[in-house]
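If you want the building blocks of each chain, they are given just below.
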Amino acid sequence: MDTYQKPEDKELQGLRDVANRLRIHSIRATCASNSGHPTSCCSAAEVLSVLFFNTMRYEAGDPANANNDRFVLSKGHAAPILYAAWAEAGFIKQSDLLNLRKIDCDLEGHPTPKLPFVDVATGSLGQGLGASCGMAYTGKYFDKASYRVYCLLGDGESSEGAVWEAMAFASHYHLDNLVAIFDVNRLGQSEAAPLQHQTDIYMKRCEAFGWNTYVVDGHDVAELCHAFWQAAHVKDKPTAIIAKTFKGKGISGVENEDNWHGKPMPKDKVESIINEIQNRIQTNKKICPLVPTADAPKISISGIAFPSPPNYKIGDKIATRKAYGLALAKLGHANSRVIALDGDTKNSTFSDIFKKEHPDRYIECFIAEQNMVSVAMGCATRGRTVAFASTFAAFLSRAYDHIRMGAISQSNVNLCGSHCGVSIGEDGPSQMALEDLSMFRAIPTCTVFYPSDGVSTEHAVFLSANTPGICFIRTSRPDTAVIYSPEEKFEIGQAKVVRQSSSDRVTVIGAGVTLHEALAAADELAKQGINIRVIDPFTIKPLDAATILSSGRATGGHIITVEDHYREGGIGEAVCAAVAGEPGFIVQTLAVRGVPRSGKPTELLDMFGISARCIVEAVKTTFAN
C-alpha cells in the first residue's frame, strides 16, 4: 500500500483559501438573487475545496468527459457553492455567479443538467446517492475505468429511506469507487436534524450497512485530504465520510444558529461579512485540478437496429410481459451497452431472459424500486449505457418522485411496468397498476408505449432504446394473440387501425388486453350486422390524434375508449383532449371505477365494464341514444 504524504502547509493553506473564496462566491450570488441557501453552502466549503482541488481528477475545460471523476451534489440546495467550485476551476466566469436563479441563466436554484458538469438533477432530497451508485456501478463493472464517484449529502436528507436503499445497494455490489460525504451541520430547514452532531451514530449506521467509514472535522482540510486518500485505497467497500460541520461556518452571528436556512445574508451586512471572510485568505494562488486517467472505453449507443424481424406468427399467443423479456434479450445482442435492472420481479417481468443471455449486464436491485430508478438514471449518464428497469407497474408509483426528477435530469432511461390492470386477476388490487398511465402521461419528457401483442412489444423495446427522454412500456400478464405480422412497421405517435369497413358506426379505441376485447366485440357485433372501427393507439403519449379524428369523423363522431386503467388520466381522457373542440364528437369512456378485488381476469374485466360484452352493450347504447 502507498504511504500517505500529507500535503505541505502552503498547499493546505491554499485549500483553506479556496474554501473561503467559495463562501464569498456563495454569499455574493445568493445576495444578488435575493434567494438561496448560503449557510448550507458555507458548511460544505472545505469539503468542496478538497474534493475539487486536491482529490478529484477531471478536465476542468471538459466537465462531461467520460474519464472525469463524478461529483453529485445530493443536497442540491447548496448549488451556489457547486457553481463557485467550477468558477474557481475556470469553467464558469465568476461574474456569471451573480446571475444565479435569473430566468436567462442556467445557474438555477438547484442543479440541473443544463450545465455540463451536472449529471443528474438534485433538490428533491435523498436521491443523489442512488444515482451515484449507478455511476459507480457503471464505472466498475461496465466501463472498468479509473474514474471515481463522490456524492455530498446533507444530514437532514439522510432521514429519507432512499438514502439507505442506496447504502445497501452500494455495499452489496462492493462499490469501492464510491464515496458518500455526509455534511453533518446539525440544522435542517425548520429545526435541528434528528441526530444533530451525534457523529458516532452516523458512523455505526454506515458501518452496519457495510461501508468503510471515517468521522472527520469537516472544516479541517488536512483531515479531509487524508480521509479521501484512505478511501481511494480501500478495496471491496464503498466509503462514507461523516463530516462534522457547522451551518453558516465563517459568518459571525449566523454560524450554527437557527432560522437561517434558505435566507441570503442581509444586504446591509454583506460587505462586512465578506470582509471578515476575506481577511482569512492568505493567497489567491490558482490551484489546478488533477488530470484524469483516460481509460473509459469509447462507445456508441445510437441507432440500435433490429438484428432480425420479430419471430412471431399471427395467431400465436404470448403475454406482452414475456415478449418484453425476449425483446430485451434480443436488444442486448444488438448493442453491448444495453443493460437491464429489476426489483426482484425478473421471473414475472421476464427480464430474467436478459439475465440468462447477458449475465454481466444485469443488475438486481431487489425490492427497492426508488433506488432502482435512480441507479438506472446514474447508469445512463454521459451516454454510458442504454438502461431498462422493470418491475410491476404498480410499484413504480413509489418511485414517482425519482421518475419526476429523471425528467428534470433529461435522463434517457427506459422503464417497463408489468401486471397492469384488473386483468392480472387473483392477486388483487395491491398488485394492479391502474394509475400508471396518468403518472407517466404527466411526465414532460416521457413517451408512453402500450403494446398489444408480441410484435408491437418488440418494436416498443427497440424504439425506446433509440428515443431520448424517459420511456415507459406498459405490459400485461395474460397471454394474448399476435395480431401483427413480423413485417409490420411501428412508429412513435402512429396508431394502427386494426379493423375497419366503409360502414363502421362507432370507433372503439383499446390497448393491451382491451384491444383484444374490442376485437372480440367487433366479431360479435358483425354477426348482428353492426360494424365498428377498432384502433390500437400503440403510444398513449404522444397520441395519434390525426388517426383518431379521421376515424371519428368516419363513424359520425362516435368514439368509445376502453382501458384496463382508472378513468382519471388514462386513454379516455387523452382521447377527449385530442378531440376537444371538434364539433359533433361524443366520447364514451369505459374504464375501471372504484377499487377492484381478486377474481378471475375474465370476471374482473366484466365486473368493471371493460370486457367484450360491455363494449357490445356500449356500442348498442350509442345507437339507442
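Residues numbered from 1 in each chain as written. Predicted model: local features only at pLDDT ≥ 70, side-chain atom pairs only at ≥ 80, totals over all residues. Heavy atoms only, no water.

Trainee: I tried to follow the sheet that holds strand β15 (residues 506–510) on my own but got confused; where do I start?
Mentor: Pairing is mixed in the open sheet, where five strands are placed in the order β14-β16-β15-β18-β19. Of all strands in the sheet, those bounded by a partner on one side alone are β14 (496–499) and β19 (586–592). Across the sheet, the mean angle separating the axes of adjacent strands is 25° when strand polarity is ignored. Across the sheet, helix α18 (residues 545–554) is in contact with β14, β15, β16 (532–536) and β18 (558–566); its angle to β16 comes to roughly 175°. Across the sheet, helix α19 (residues 571–579) lies against β15, β18 and β19, angled at about 145° from β18, the strand it touches most. (Pairing = 2+ DSSP bridges. Helix = DSSP H or I, 4+ residues; strand = E, 2+ residues; numbered from the N terminus. Axes fitted to C-alpha atoms, helices over the stretch in contact; angles between N-to-C directions. Contact = heavy atoms within 4.5 Å.)

Trainee: Would you explain the domain arrangement of the protein chain in this entry?
Mentor: It is common to report an interface's size as the accessible area lost on association of the parts. The domain boundaries assigned to the protein chain delineate domain 1 (17–279), domain 2 (316–482) and domain 3 (496–623). For domain 2 versus domain 3, the distance between C-alpha centres works out to 25 Å. Together, the buried faces of domain 2 and domain 3 total about 2500 Å²; carbon and sulfur atoms form 63% of this surface. When the buried surface of domain 2 facing domain 3 is broken down by residue, L434, R441 and Y450 rank first, second and third, together holding 28% of it. (Domains from an automatic or database assignment. Buried area = accessible area lost by both parts, 1.4 Å probe.)

Trainee: How should I be thinking about empty space enclosed by the protein in this particular structure?
Mentor: Remark: the empty space left among the atoms is shown by a probe the size of a water molecule rolled over them. Per the counting criterion, the structure on display carries five cavities of 30 Å³ or more. In this structure, the largest cavity occupies an estimated 80 Å³ of space. As for the largest cavity, its lining consists of M56, Y58, P63, N68, D69, R70, F71, L82, W86, F117, D119 and R382. Those elements that provide at least two residues to the lining of the largest cavity are β1 (70–73) and α4 (79–89). (1 Å grid on protein atoms, 1.4 Å probe; cavity = no way out; pocket = protein on both sides within 12 Å on 5 of 7 lines; lining within 4 Å. Points joined across faces, edges and corners; volume = space filled by probe spheres on them.)

Trainee: How should the pairing of strand β5 (residues 239–244) be read in this particular structure?
Mentor: The two faces of the sheet receive side chains in turn, since in a regular strand these alternate between them. For β5, a buried count of five out of six residues is recorded, marking the element as mostly surrounded by other parts of the structure. Bridging between strand β4 (residues 212–217) and β5 involves six bridges; their strand directions are parallel. Looking at the pairing, V215 lines up with I242 of β5. (Buried < 20%, exposed > 50% of the residue type's maximum accessible area, 1.4 Å probe, protein only.)

Trainee: Would you mind going over the pattern of salt bridges with me for this structure?
Mentor: Opposite charge on two side chains allows them to pair when their charged atoms are near. Inspection of every chain in the model, using the stated rule, returns 23 salt bridges. Here R21 and E88 are joined by a salt bridge, their closest N and O atoms 3.2 Å apart. Of this pair, R21 sits in helix α1 (residues 9–33) while E88 sits in helix α4; the two residues are 67 residues apart in sequence, bridging distant segments of the chain. No difference in accessibility class separates R21 from E88, as the two residues are buried. Between E255 and K249 there is a salt bridge, with its nearest N and O atoms 3.8 Å apart. Put simply, D143, R337 and R384 are held in one network by salt bridges that share partners. (Salt bridge = Lys/Arg side-chain N within 4 Å of Asp/Glu carboxyl O.)

Trainee: What am I meant to see in the packing of helix α5 (residues 128–142) against helix α13 (residues 369–380) here?
Mentor: A pair of packed helices is characterised by two quantities: the angle between their axes and the separation of those axes. The contact between α5 and α13 brings their axes to 6 Å, and the two run at 50°. The angle between α5 and α13 places the two elements in the oblique class. Judged by the twist between their axes, the crossing of α5 over α13 is right-handed. Residue-level inspection shows G130, A131, C133, G134, M135 and T138 of α5 in contact with α13, the latter providing N371, S374, V375, G378 and C379. Class assignment for the residues of the contact of α5 with α13 results in five nonpolar, six polar and no charged. (Parallel < 35°, antiparallel > 145°, perpendicular 65-115°, else oblique. Left-handed = near helix turned anticlockwise from the far one by under 90°. Nonpolar A, V, L, I, M, F, W, Y, C, P; charged D, E, K, R; others polar.)

Trainee: Quick question: what am I supposed to make of the nonpolar core here?
Mentor: Inside soluble globular proteins, nonpolar side chains tend to come together where they are buried. Core analysis: the biggest nonpolar cluster contains 77 residues, and L129, F182, L341, I363 and L415 have the highest contact counts within it. At seven residues, the largest contribution of residues to this core is made by α5. Leave out the neighbours within four places in its chain, and F182 touches L153, S158, V163, M167, C206, A240, I241, I242 and A243. By size, the runner-up hydrophobic cluster in this structure holds 54 residues, among which are A78, L100, I181 and I241. (Core = buried A, V, L, I, M, F, W, Y, C linked by side-chain atoms within 4.5 Å.)

Trainee: Which parts of the structure should I look at to understand the UniProt feature "domain: Transketolase-like pyrimidine-binding" (unreviewed entry) in the protein chain?
Mentor: Under the UniProt annotation, the feature "domain: Transketolase-like pyrimidine-binding" (unreviewed entry) is placed at residues 318–482. Here residues 318–482 runs as 39% helix and 20% strand, with 7 Å between its end C-alpha atoms. (UniProt positions renumbered as here; feature names shortened; annotations may be inferred.)

Trainee: What is the right way to read the layout of surface pockets from this model?
Mentor: Computed from the structure, the largest pocket encloses a volume of approximately 620 Å³. Around the largest pocket sit 27 residues that line it, and T55, R57, R148, Y150 and A232 are the ones nearest its centre. Of the residues forming the lining of the largest pocket, the biggest block, four residues, is contributed by helix α8 (residues 221–232). Its volume calculated, the second largest pocket comes out at about 290 Å³.

Trainee: Mind showing me how you'd approach helix α14 (residues 400–408) here?
Mentor: In an α-helix, one turn spans 3.6 residues; hence positions three or four apart end up facing the same way. Within the sequence span of α14, burial applies to H402, I403, M405, G406 and A407. Contacts from the buried residues of α14 go to α6 (161–172), α13, β10 (413–418) and α15 (436–441). Positioned one or two residues after α14, Q410 has a phi angle of 55°, which is positive.

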